[in-house]
Amino acid sequence: MAETTYREALREAMRDALRRDERVFLMGEDVGRYGGAFGVSLGLLEEFGPERIRDTPLSESAFVGAGIGAAMNGMRPIVEIMTVNFSLLALDQIMNNAATLRHMSAGQCGVPLVIRMTTGGGRQLAAQHSHSLEGWYAHIPGLRIAVPATVADARGMLWTALQDPDPVLVFEHGSLYNTSGDLPDGAGPTDLDRAGIRRAGRDVTIVTYGGTLGKTLTAAEELADDGIDAEVIDLRVLRPLDDVTLMESVARTHHALVVDEGWRSGSLAAEITTRIVEQAFYELDAPVGRVCSAEVPLPYAQHLEAAALPQPAGIVRAARDLVGAS
């Protein structure tokens, strides 16, 4: 076991992919000389050169489109979009081209492309740079949506994603880059089909992903002090959702709570809630609960931002309400 940061795990994942497959290259704004807006690609330009670590102009539509074209022609591009809000400038390329070309070509043309981007709030970047829009992208058929919440997944998801014949979007929560954890020696690729049970429990299933996993685990420990045993599921992949793991957990605990940093209306949390009701209604002893961000543009002021985002105290209150322990 070796301790490493989430940022270093992502960098090592890219370094490993670049060494293993000469078709792999990285492109995006400031990924080369600057080392990436969040320092993830630091040092890769010096190691692999400008042909494989490519700085691009400030045009998300252009460089995502170039990545799609490269993937269609046999390359395995990793495209970095600085933050999720900037991905909206490339939404036409992602939704109307990358996600649809296999379908519209009757299976003749795939787009084996990986797009990485930073998501989430909690860093005082105000309303325009604090979005959690991964649930929007999980709405689009033809895409796979990965959300690494741990060091092991940050290290292991990329190689699996690069083997996918269709586009994979990887959402990295900005609050995780400096976090650290133990990475097992010889850690291999991560399964992109199954959710992970991060804490086993018997009283309530708490479903979450990405940047809210740590908050949820903190809440679960506080609940344990009150005698409430929470099972914590890390979705890991938002499309396709692992319904089997979710329903098996609900069948054990008979209570479900969804924690999602996205806004409540039209959210991923709403989709998960509906699936649980559709597939496990008679296993439930109470309605499914949700903890989401306040439906406001995210404030800049630190105390207001914290109040708008899901926090452990709110997760604890919601779980207590579900099991009748409030």
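Residues numbered from 1 in each chain as written. Predicted model: local features only at pLDDT ≥ 70, side-chain atom pairs only at ≥ 80, totals over all residues. Heavy atoms only, no water.

Engineer: So what's going on with the pattern of salt bridges? Residues and values would help.
Structural biologist: Enumeration over the complete set of coordinates arrives at 25 salt bridges. A salt bridge links glutamate 47 to arginine 19; the nearest nitrogen and oxygen atoms lie 2.8 Å apart. Of this pair, glutamate 47 sits in helix H2 (residues 44–48) while arginine 19 sits in helix H1 (residues 6–20); the two residues are 28 residues apart in sequence, bridging distant segments of the chain. Among the salt bridges present, the one from arginine 199 reaches aspartate 229, with a minimum N-O distance of 2.9 Å. Here the residue arginine 199 occupies a position in strand E9 (residues 196–199), and aspartate 229 occupies one in the loop between helix H8 (213–225) and strand E11 (230–234), the gap between them amounting to 30 residues. Looking at arginine 199, the relative accessible area reads 16%, which means it is buried. Linked by salt bridges that have partners in common, Arg199, Arg202, Asp203, Glu221 and Asp229 make up one network. (Salt bridge = Lys/Arg side-chain N within 4 Å of Asp/Glu carboxyl O. Helix = DSSP H or I, 4+ residues; strand = E, 2+ residues; numbered from the N terminus. Buried < 20%, exposed > 50% of the residue type's maximum accessible area, 1.4 Å probe, protein only.)

Engineer: Tell me about the environment of valine 31, and please be specific about residues and values.
Structural biologist: Position of valine 31 relative to the elements: it lies in the loop between strand E2 (24–28) and H2. Of the residues examined, valine 31 reaches a relative accessible area of 0% and is grouped as buried. Spatially, the C-alpha atom of valine 31 lies 16 Å from that of alanine 17, the residues being 14 residues apart in sequence. Excluding residues within four positions of it along the chain, valine 31 makes contact with Leu26, Gly36, Ser41, Ile53, Arg54, Asp55 and Glu80. (Contact = heavy atoms within 4.5 Å.)

Engineer: An account of the sheet that holds strand E14 (residues 289–293) is needed here, citing residue identities and associated values.
Structural biologist: Strand order in the open sheet formed by five strands is E9-E11-E10-E13-E14, and the pairing between neighbours is mixed. A strand with exactly one partner marks an edge of an open sheet, and here the two such strands are E9 and E14. Here the strands of the sheet are splayed against their neighbours by 25° on average, with no regard to which way each runs. Bridge count for E9 against E11 is three bridges, and the pairing is antiparallel. The partner of isoleucine 197 across the bridge, within E11, is isoleucine 233. (Pairing = 2+ DSSP bridges. Axes fitted to C-alpha atoms, helices over the stretch in contact; angles between N-to-C directions.)

Engineer: Could you give an account of unusual backbone geometry, with specific residues and numbers?
Structural biologist: Most of the time, phi is negative for any residue but glycine, and the peptide bond is trans. Here arginine 239 and proline 240 are connected by a cis peptide whose omega angle stands at 0°. Within the secondary structure, proline 240 is located in the loop between strand E12 (237–239) and helix H9 (243–253). At aspartate 30, a position not held by glycine, the phi torsion is positive, near 65°. By the element assignment, aspartate 30 lies in the loop between E2 and H2. Of note, histidine 254 is a non-glycine position whose phi angle comes to about 65°, a positive value. Tracing the backbone shows histidine 254 in the loop between H9 and strand E13 (256–263).

Engineer: Please set out a nonpolar patch on the surface residue by residue, giving values where relevant.
Structural biologist: Judged by side-chain polarity, Leu88, Trp136 and Trp263 come together as a nonpolar surface patch covering roughly 300 Å² of accessible area. Mapped onto the elements of the fold, tryptophan 136 is located in helix H6 (residues 134–137). (Patch = residues over 30% accessible without salt bridge, like charges linked within 9 Å, V, L, I, M, F, W, Y side chains within 5 Å. Areas by Shrake-Rupley, 256 points an atom, 1.4 Å probe, with all protein chains shown as cover.)

Engineer: Tell me about the environment of aspartate 55, residues and numbers included.
Structural biologist: Here aspartate 55 shows up in strand E3 (residues 53–55). Setting aside residues up to four positions removed in sequence, aspartate 55 forms contacts with Gly28, Glu29, Asp30, Val31, Gly32 and Arg33. At 3.4 Å, the side chain of aspartate 55 and the backbone nitrogen of aspartate 30 are in polar contact. Polar contacts involving the side chain of aspartate 55 include one to the main-chain amide nitrogen of glycine 32, which spans 2.8 Å. (Polar contact = N/O pair within 3.5 Å; in protein donor to acceptor, adjacent residues only side chain to side chain.)

Engineer: Explain the packing of H9 against helix H10 (residues 268–280) residue by residue, including any values.
Structural biologist: Relative orientation of the contacting elements H9 and H10 amounts to 65°, with a least axis distance of 10 Å. For the crossing formed where H9 meets H10, the hand is right-handed. On H10, the residues that touch Asp243, Leu246, Met247 and Val250 of H9 are Ile272, Arg275, Ile276, Gln279 and Ala280. Grouping the constituent residues of the contact of H9 with H10 by class yields six nonpolar, one polar and two charged. (Left-handed = near helix turned anticlockwise from the far one by under 90°. Nonpolar A, V, L, I, M, F, W, Y, C, P; charged D, E, K, R; others polar.)

Engineer: Account for the nonpolar core, naming residues and giving values.
Structural biologist: Judged by nonpolar contacts, the single largest core of 47 residues is most densely connected at Val64, Ile115, Tyr137, Leu169, Leu235, Ile272 and Ile276. Leave out the neighbours within four places in its chain, and isoleucine 276 touches Met247, Val250, Ala256, Phe281, Leu284 and Val288. One finds Leu10, Val31, Trp159 and Tyr177 within the second-largest nonpolar core, a separate group that totals 32 residues. (Core = buried A, V, L, I, M, F, W, Y, C linked by side-chain atoms within 4.5 Å.)

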